[in-house]
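# Structural features, examined
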Amino acid sequence: MATTLGALCATSLPAQAADRFTFLTNWYAQAEHGGFYQAQATGLYSKAGLDVTIKMGGPQVNLMQLLVAGQADCIMGYDTQTIKAWEQGIQAVTVAAAFQKDPAVIIAHPHIKKFEELKGKTILVGSAGMVTYWPWIKTKYGFTDAQMRPYTFNIQPFLADKDIAQQGYLASEPYSIEKEGKIKPTVFLLSDLGWPPYATTVVCTAETVKTKPKLVGAFVKASMEGWKSYLTADPAPANGLIKKDNPNMTDDLIANGIAKMKSEGMVFGGDAAKLGIGILTDARMKATYDMMVQNKLLDPTKVDLKKTYTTQFVKDLKVMP
């Protein structure tokens, strides 16, 4: 009787509810977010016991503010921003890096063959670039503020003047320039020139890392499996969700984004080739920290590098390309 009753109770118990988890991206949905959407669309998050909500960022969205306010469990981050946040007392911790390279580029006209040839030329740089890679460019290549002008996210000045170069992102402005201007610009990927930060990182608060390590670990693992699936299998499931969230995203833009991520080794290149997708290394994080200190972008007396990231979720993950 007791055995029968126990069996009946066991069969009537509800399945364990999935843990809710909110991830906030850094911009409108696009191919560069594809791995996260693929994990969502193909059920990888569900299999990991997570009920994940992906929310889009945008130009007016303060990711760090929303993270601290508890509006997201983790956000899509960027090393220089995350490290800098500690100066303001924001304990943001990088736990994984989907991109081994930052997709930031400087775009020049076809007659420019070497980056050094841009010395003295007008270069259009946005506000974020002015306080991240521009100081590094000045130090490394001897460029000056006198040649820098604000970038207004409009490619027309570039198309109108062959002596102007501009900032951009790997799969965005170069594609627009080629399509609209009917020219194939010279594109300098800053990471290939030695610019050290990771990009498309997963960033949580130190409190979340401490109190919810299983959830963070499950999210990181499923996300990196999502990236592998997105770039090696059929990306259609993710693309459907991307276009649903961002109706302005077209098939050709998505295809271009995927092609660039593959050709430039954004996800599978660098240390990820040997250590797995999402990997962070002490050496790489120190290089970014040292670069920031050297270029007076960071007060080292206020920031302990070791607190700004952790490798605990990726060092043994081994999601191989």
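Residues numbered from 1 in each chain as written. Predicted model: local features only at pLDDT ≥ 70, side-chain atom pairs only at ≥ 80, totals over all residues. Heavy atoms only, no water.

## Describing the sheet that holds strand β6 (residues 122-125)
Strand order in this open sheet of five strands is β7-β6-β8-β5-β9, and the pairing throughout is mixed. Strand pairing shows two members of the sheet lacking a second neighbour, β7 (148-150) and β9 (186-189), which therefore form its edges. Averaged over all neighbouring strand pairs, the angle between strand axes comes to 30°, with direction disregarded. Bridge count for β6 against strand β8 (residues 164-169) is three bridges, and the pairing is parallel. Its bridge partner lying in β8, I123 is registered against A165. Lying over the sheet, helix α9 (residues 173-181) contacts β5 (104-108), β8 and β9, oriented at roughly 125° with respect to β8. (Pairing = 2+ DSSP bridges. Helix = DSSP H or I, 4+ residues; strand = E, 2+ residues; numbered from the N terminus. Axes fitted to C-alpha atoms, helices over the stretch in contact; angles between N-to-C directions. Contact = heavy atoms within 4.5 Å.)

## Regarding the side chain of T200
Here T200 is to be found in strand β10 (residues 199-205). The class of T200 is buried, set by a relative accessible area of 6%. The residues contacting T200, other than those within four sequence positions of it, are E32, F36, M76, G77, A97, A98, F99 and W227. (Buried < 20%, exposed > 50% of the residue type's maximum accessible area, 1.4 Å probe, protein only.)

## Description of the pairing of strand β1 (residues 19-24)
Where β1 and strand β2 (residues 50-55) come together, six bridges link them in parallel fashion. When the sheet's bridge partners are listed, R20 is paired in β2 with D51. As judged from the two bridges shared by β1 and strand β3 (residues 74-77), these two strands associate in the parallel manner. Following the sheet pairing, L24 is matched in β3 by I75.

## Some words on the pattern of salt bridges
Within the structure shown, the criterion is met by eleven salt bridges. The partner of D73 in a salt bridge is K212, with the nearest N and O atoms 3.5 Å apart. One end of the pair, D73, is in the loop between α4 (63-68) and β3; the other, K212, is in the loop between α10 (206-211) and α11 (213-232), and 139 residues separate them in sequence. Of the residues examined, K212 reaches a relative accessible area of 35% and is grouped as partly exposed. One salt bridge in this structure joins K84 and E87, with 2.8 Å as the shortest N-O distance. Taking the relative accessible area as the measure of exposure, K84 reaches 30% and is therefore partly exposed. (Salt bridge = Lys/Arg side-chain N within 4 Å of Asp/Glu carboxyl O.)

## Some remarks on the state of the cysteines
Enumeration over the complete set of coordinates arrives at one disulfide. Each disulfide pairs two cysteine sulfurs, and for C74 the partner residue is C204, the sulfurs being separated by 2.1 Å. Looking down the S-S bond of the C74 and C204 bridge, the torsion is 90°, so its handedness is right-handed. Taken as a pair, C74 in strand β3 and C204 in strand β10 lie far apart in primary sequence, 130 residues in all. The exposure classification of C74 matches that of C204, with both residues buried. (Disulfide = S-S within 2.5 Å.)

## So, the confidence of the model for the protein
Model confidence for the protein is summarised by a mean pLDDT of 95, while 95% of its residues fall at 70 or above. Note that residues 1-14 has pLDDT below 50 and, in this model, zero contacts with residues that lie over four places away or in other chains. (pLDDT = per-residue confidence, 0-100.)

## Focus on the packing of helix α12 (residues 236-245) against helix α13 (residues 251-263)
The N-to-C vectors of α12 and α13 enclose an angle of 130°; their axes lie 11 Å apart at closest approach. Compared by their axis directions, α12 and α13 come out oblique. By crossing handedness, the relation of α12 to α13 is classed as right-handed. Residues N239, I242 and K243 of α12 form the contact with α13, whose own contacting residues are D251, I254 and I258. (Parallel < 35°, antiparallel > 145°, perpendicular 65-115°, else oblique. Left-handed = near helix turned anticlockwise from the far one by under 90°.)

## Some details on the nonpolar core
With 92 residues, the main nonpolar core has F36, L118, I137, V202, M224, W227 and Y230 as its most contacted residues. The element that contributes the greatest number of residues to this core is α11, accounting for ten residues. Once residues within four sequence positions are removed from consideration, Y230 is found in contact with A31, G34, G35, Q38, P235, A238, N239, I242, I254, I258 and M261. Judged by nonpolar contacts, the second largest core, of nine residues, contains L24, L67, A72 and A85. (Core = buried A, V, L, I, M, F, W, Y, C linked by side-chain atoms within 4.5 Å.)

## Here's the deal with α13
Taking 1.5 Å of rise per residue, 13 residues should cover 18 Å, and α13 covers 18 Å from first to last C-alpha, within 8% of that figure. Looking only at α13, the buried set comprises I254, N256, G257, I258 and M261. Residues of α13 that are buried in the fold lie against β4 (92-99), α9, α11 and α12. (Expected span 1.5 Å × (residues − 1).)

## Some points on the packing of aromatic side chains
Considering all chains together, one arrives at 18 aromatic pairs under this definition. Summarising the aromatic geometry, the rings of F115 and Y141 are spaced 4.8 Å apart at their centres and angled 65° between planes, so their arrangement reads as edge-to-face. Taken together, the positions of F115 in the loop between β5 and β6 and Y141 in helix α7 (residues 133-141) put the pair 26 residues apart, joining distant regions of the chain. For the pair F115 and Y141, one class covers both residues: buried. Between W227 and Y230, the aromatic rings sit 6.1 Å apart at their centres with planes inclined by 85°, giving edge-to-face as the arrangement. (Phe/Tyr/Trp six-rings, centres within 6.5 Å; stacked < 30°, edge-to-face > 60°.)

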